[in-house]
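# Overview (structure and organization)
As a plain string of letters, each chain reads:
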Amino acid sequence: MTKPFLEVLSGRKQAVPPIWMMRQAGRYLPEYRELRAKAGNFLDLCFTPEYATEVTLQPIRRFNFDAAIIFSDILVIPHALGRSVRFEAGEGPRLDPLDTPEKIAALASHADFAKLEPVFEALRRVRGSLDAKTALIGFCGAPWTVATYMVAGQGTPDQAPARMLAYRHPQAFEKIIDVLVENSIRYLVGQLKAGADVLQIFDTWAGVLPPREFSRWSIEPTRRIVEGVRQQVPDAKIIGFPRGAGASLPNYVEATGVNGVSIDWAAEPSLIRAHVQNRVAVQGNLDPLVLIAGGAALDRAVDDVLENYGSGRLIFNLGHGILPETPIAHVEQMIKRVRAYKA
């Protein structure tokens, strides 16, 4: 049986675009909140295969999306590299800052992949539970984005600590990037072997970089990951998400070799159609806020995405992750409208 999600990434446009949502397994679902409370802390939720499997499948059962994405986090690689990673309620992630060349020199080169085995086990379990037409997505954080958290020890408004370190100590910063590239390749190949059909590389903080730095710290490491994965799995399907990349997107697509690119809600449709969607599948790009607003505004916004990109290869998604306060009825409204569409 064909998987519409995979068909689009393989070059075949679908009359009805396949649909899933970033962060579709999450706090807007009561069943997620219940399991999250039972798990205790966030990393235990990620690293208990039984829980991670259940959370991954919850939105599939409820909404019948065309793809499931394994429930995990982009900071599992720093965790496997021996860095302390904690998730504090309402605070987001906390790490021990890697903010001097001396500290970076002591960074482990090789992750302890035994720590990531629960992710692979969850993938195997999800794969066994999914319908034949539903794709399974594995993922990692892009080296630049993961490095920003490792350097600052937390998220900051514009990730200035990592940008400053990269300017002042580019060789030390390069070491973090190199370690993340090599371990991300191994992690992604492991996910494919465990049952993932597709991989997504999340570069959430790509948009804070000037063009020269974007090329060096976002494009180049992603290109190396794509190439490294394909050396071992030649037909691997990979989606990149350099959030906020704007006019640099065509360069990103050309240089990295991704099969698809996720675009945020601020993307300029004519640029994307002329210089991106003519080469690869486009995934996106509904504003998560309009999904909260609902009503006629949501219908118009869904129609805009379909009118802008529906005549080419499109995977319908949000321009970033779904927000916790999103009403379930609005998700249902969006899905119904997308599925009623015929290109």
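Within each chain, residues carry numbers counting from 1 in the order of the written sequence. Totals for whole chains, interfaces and linings use every residue, but because this is a predicted model, local features are given only for residues with pLDDT of at least 70 and side-chain atom pairs only at 80 or more, for both listing and counting. Side-chain numbers here rest on the full set of heavy atoms in the structure, without hydrogens or water.

The subject of this paragraph is empty space enclosed by the protein. Each cavity reported here is a set of points on a 1 Å grid over the protein atoms alone in which a 1.4 Å probe fits but cannot get out, each pocket an open set with protein on both sides within 12 Å along at least five of seven lines, and each lining residue one with an atom within 4 Å of a point. Grid points are joined across faces, edges and corners, and a volume is the space filled by probe spheres set on the points. Enumeration according to the criterion identifies 1 cavity of 30 Å³ or more in this entry. Counted as a void, the largest cavity has a volume near 50 Å³. In terms of lining residues, the largest cavity is bounded by Phe 241, Pro 242, Arg 243, Gly 244, Ala 245, Gly 246, Leu 249, Ser 262, Ile 263, Asp 264 and Ala 267. For the lining of the largest cavity, the residue count by class is 6 nonpolar, 3 polar and 2 charged. Under this grouping Gly is polar, as are all residues other than the nonpolar Ala, Val, Leu, Ile, Met, Phe, Trp, Tyr, Cys and Pro and the charged Asp, Glu, Lys and Arg.

Now for the pattern of salt bridges. Basic side-chain nitrogens of Lys or Arg form a salt bridge, by our definition, when they fall within 4 Å of a carboxyl oxygen of Asp or Glu. Following the criterion strictly, the structure yields 23 salt bridges and no others. Its salt-bridge partner being Arg 337, residue Asp 299 comes within 3.6 Å of it at the nearest N-O pair. One end of the pair, Asp 299, is in helix α15 (residues 295-309); the other, Arg 337, is in helix α16 (residues 328-339), and 38 residues separate them in sequence. Linked through salt bridges whose partners overlap, the residues forming this network are Glu 117, Glu 121, Arg 124 and Arg 125. Counting from the N terminus, the helices are DSSP H or I runs at least four residues long and the strands are E runs at least two residues long.

With 131 residues, the main nonpolar core has Phe 5, Phe 173, Ile 176, Val 229, Leu 286, Val 331 and Met 334 as its most contacted residues. Among the elements that line this core, the one with the most residues is helix α10 (residues 170-193), at 12 residues. Whether two residues are in contact is decided by their heavy atoms: any pair within 4.5 Å suffices. Sequence-distant contacts of Met 334, defined by excluding residues within four places in its chain, comprise Ile 19, Met 21, Leu 286, Leu 291, Leu 298, Val 302, Phe 316 and Leu 318. As used in this record, nonpolar core signifies buried Ala, Val, Leu, Ile, Met, Phe, Trp, Tyr and Cys residues forming a set joined through side-chain atoms within 4.5 Å. To sort residues, take the accessible area from a 1.4 Å probe on protein chains only and compare it with the maximum for the residue type: under 20% means buried, over 50% means exposed, and anything in between is partly exposed.

Distances and angles like these do not, on their own, reveal function.
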